[in-house]
Amino acid sequence: MNNRSKLRMSVGLFYPIAIISCYILAIAEWGIRSWLIGEGMDIKPMPFFTYYICSAFFIGMGIFQWFKYRLWVNPVIGIIVGFLCIQGPALIINDYFFTKASYFATFFILGLVVILNWSTLYGQERYEINARRLLKLAAEQIFETIDGFTDRPFSAGQINASKEELLGFSRFMEGKYVTRVFHEDSTIFLAFSLNRSLLTVVNPRDVSHIAIFDTGTMTIFISEADYRQYRKTYNFNQLCHSLGEVVKRFMGYYQEGLEGRIITELKTAR
C-alpha cells in the first residue's frame, strides 16, 4: 500500500520547514551583504531582513493558530517569539536599538509562559497527533473516492461492552490523549479533532466524535473540517464505518487487558 499519508500536512510541520528556510535565507543574505560591503556600501553584515521575516512568521502562525484552535497561549507565544527574533541582532552588535538585557528578559518571559502552560501545550499536541492517527486508521483500507461529506451521524452498529467497561475504556482513551470524554445523560462521547482544541470544546457535537449510548448503539460523526483534511474525497459512509470498526477493535483489546495494542496500532497508522 502507498505509504504516503492520506491526510494533509500538519500545521506543526510548518515550523521546522520555516526555520530551515530562514537559516538558508540568513546565509544568502549574509553573503549578499558581505559582497555589497566589499563593493564599498556602508551597511552591516547582519541579516536583519531574515530576522524580520522570522518574526513575522512566528507572529502570523500564532494568530493563525488562535483562529484554528482558540487557545490564547498560541498567539501569546507567537508574539513573544516574534519579538525575540527582532531582538536577535542585539546579541551580536552593540549599537542595535534593542539590548542584550531586553533579549534575555524576553527569553525569560517566554520560558515562564511555556512552563506555566505546558500541560495545555502538551495536551493539545497529543490530542491532535492521535486524532490524525485515528483518521488515518479509518482511511487505511478505503480507496473509493465518491460520495463525499454528509453532516449526518453514521450508525456504526452495536458495541458489546458493559457500562463499567465503557467507562473504563473512555477513561483510558482520555488518559492517553486519544479522545476527550464527555458524558451527557446516557451517552458517552469520545471527541477528537484536527481543527479545534479539545481543551476548549464545551459541546462534543461541535467536533468529530464517537457517541456510545447506554444500549450499546454507536454513531460516528466526522466534522466537515476534519474530513477536508483528507487529500482525497473518500466515501464518507465507508470512512465512518471503518472508524467504528477501529473503535470496536480497540474495545476488544481493552476487554482482553491488551491496552498497549491500542497505542501500538495508533502509532503504526500511515
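Structure: see above.
To keep things clear, this report deals only with the structure shown in the data block. (Residues numbered from 1 in each chain as written. Predicted model: local features only at pLDDT ≥ 70, side-chain atom pairs only at ≥ 80, totals over all residues. Heavy atoms only, no water.)

1. Some thoughts on the packing of aromatic side chains
Here is the rule we go by: Stacked, edge-to-face and tilted labels apply to pairs of Phe, Tyr and Trp rings (six-membered ring for Trp) whose centres lie within 6.5 Å, assigned for plane angles under 30 degrees, over 60, and everything in between, in that order. Helix and strand labels come from DSSP, where a helix needs a run of H or I of at least four residues and a strand needs a run of E of at least two; each type is numbered from the N terminus. Note on classification: 1.4 Å probe, protein chains only; a residue is buried when its accessible area is under 20% of the maximum for its type, exposed when over 50%, partly exposed between these limits.
According to the stated counting rule, one finds 18 aromatic pairs in the structure shown. Ring centres of Y127 and Y177 lie 5.4 Å apart, and the angle between their planes is 75°; on these two criteria the pair is classed as edge-to-face. Remark: Y177 occurs in the loop between helix 6 (163-175) and strand 2 (180-184) and Y127 occurs in helix 5 (residues 118-139); sequence separation between them is 50 residues. Given a relative accessible area of 6%, Y127 falls into the buried group. Judged by its relative accessible area of 27%, Y177 is partly exposed. Taken together, a centroid distance of 6.3 Å and an interplanar angle of 35° make the contact between F250 and Y253 tilted. Of the two residues, F250 and Y253 both sit in helix 8 (residues 236-255), three residues apart, roughly one turn of that helix. For F250, a relative accessible area of 0% corresponds to the buried category.

2. Describing helix 6
Put simply, the test is: One less than the number of residues in a helix, times 1.5 Å, gives the span that helix is expected to have. Whether two residues are in contact is decided by their heavy atoms: any pair within 4.5 Å suffices.
Taking 1.5 Å per residue, 13 residues should reach 18 Å; helix 6 reaches 18 Å between its end C-alpha atoms and fits that length. Within helix 6, the full set of buried residues consists of L166, G168, F169, S170, F172 and M173. Those residues of helix 6 that are buried lie in contact with strand 2, strand 3 (187-192), strand 4 (208-213), helix 8 and helix 9 (259-267). Y177 lies just past helix 6 and shows a positive phi near 60°.

3. Observations concerning the pattern of salt bridges
Filter applied, for reference: Should a side-chain nitrogen of Lys or Arg be within 4 Å of a carboxyl oxygen of Asp or Glu, the pair is scored as a salt bridge.
For the structure on display, the rule yields six salt bridges. Among the ionic pairs, E224 bridges to R228, the shortest N-O distance being 3.1 Å. The class for E224 is partly exposed, based on a relative accessible area of 39%. R228 gets classed as partly exposed once you look at its relative accessible area, which sits at 42%.

4. Some remarks on the side chain of R33
In this structure, R33 sits in helix 1 (residues 14-38). Residue classification places R33 among the buried residues on the basis of a relative accessible area of 17%. With near-sequence residues (within four places) excluded, R33 lies in contact with I43, K44, P45, M46, P47, F48 and F49.

5. Regarding the pairing of strand 2
For clarity, the cut-off: In this analysis, strands are considered paired if DSSP registers two or more bridges between them.
Both strand 2 and strand 3 contribute to a ladder of five bridges, which runs antiparallel. Counted as the bridge partner of V181 is L190 from strand 3. Hairpin geometry of strand 2 and strand 3 is characterised by an intervening segment of two residues between the two adjacent antiparallel strands and by a positive phi of about 55° at D185.

6. Digging into a nonpolar patch on the surface
To keep things clear, this is the line we draw: Like-charged residues within 9 Å of one another, or nonpolar side chains (Val, Leu, Ile, Met, Phe, Trp, Tyr) within 5 Å, are grouped into patches, provided each residue has over 30% relative accessible area and no salt bridge. Computed with a 1.4 Å probe, the accessible areas rest on the Shrake-Rupley method; for each residue, only the protein chains presented here act as cover.
Together, M9, L13, F14 and I17 make up an exposed nonpolar region whose accessible area comes to about 350 Å². Its location among the elements puts I17 in helix 1. By relative accessible area, I17 is classed as partly exposed at 44%.

7. Some thoughts on the nonpolar core
For clarity, the threshold we go by: Throughout this description, the term nonpolar core refers to a set of buried Ala, Val, Leu, Ile, Met, Phe, Trp, Tyr and Cys residues connected via side-chain atoms within 4.5 Å.
Formed by 41 residues in total, the largest nonpolar core has its most connected members in I222, Y230 and F250. Secondary structure elements with two or more residues in this core: helix 5, strand 1 (154-158), helix 6, strand 3, strand 4, strand 5 (217-221), helix 8 and helix 9. For this core, the leading source of residues is helix 8, giving nine residues. For F250, the contacting residues outside a window of four places in its chain are L134, L137, F169, M173, I262, E265 and L266. Formed by 16 residues, the second largest nonpolar core is a distinct cluster that contains F58, M61, L71 and I77.

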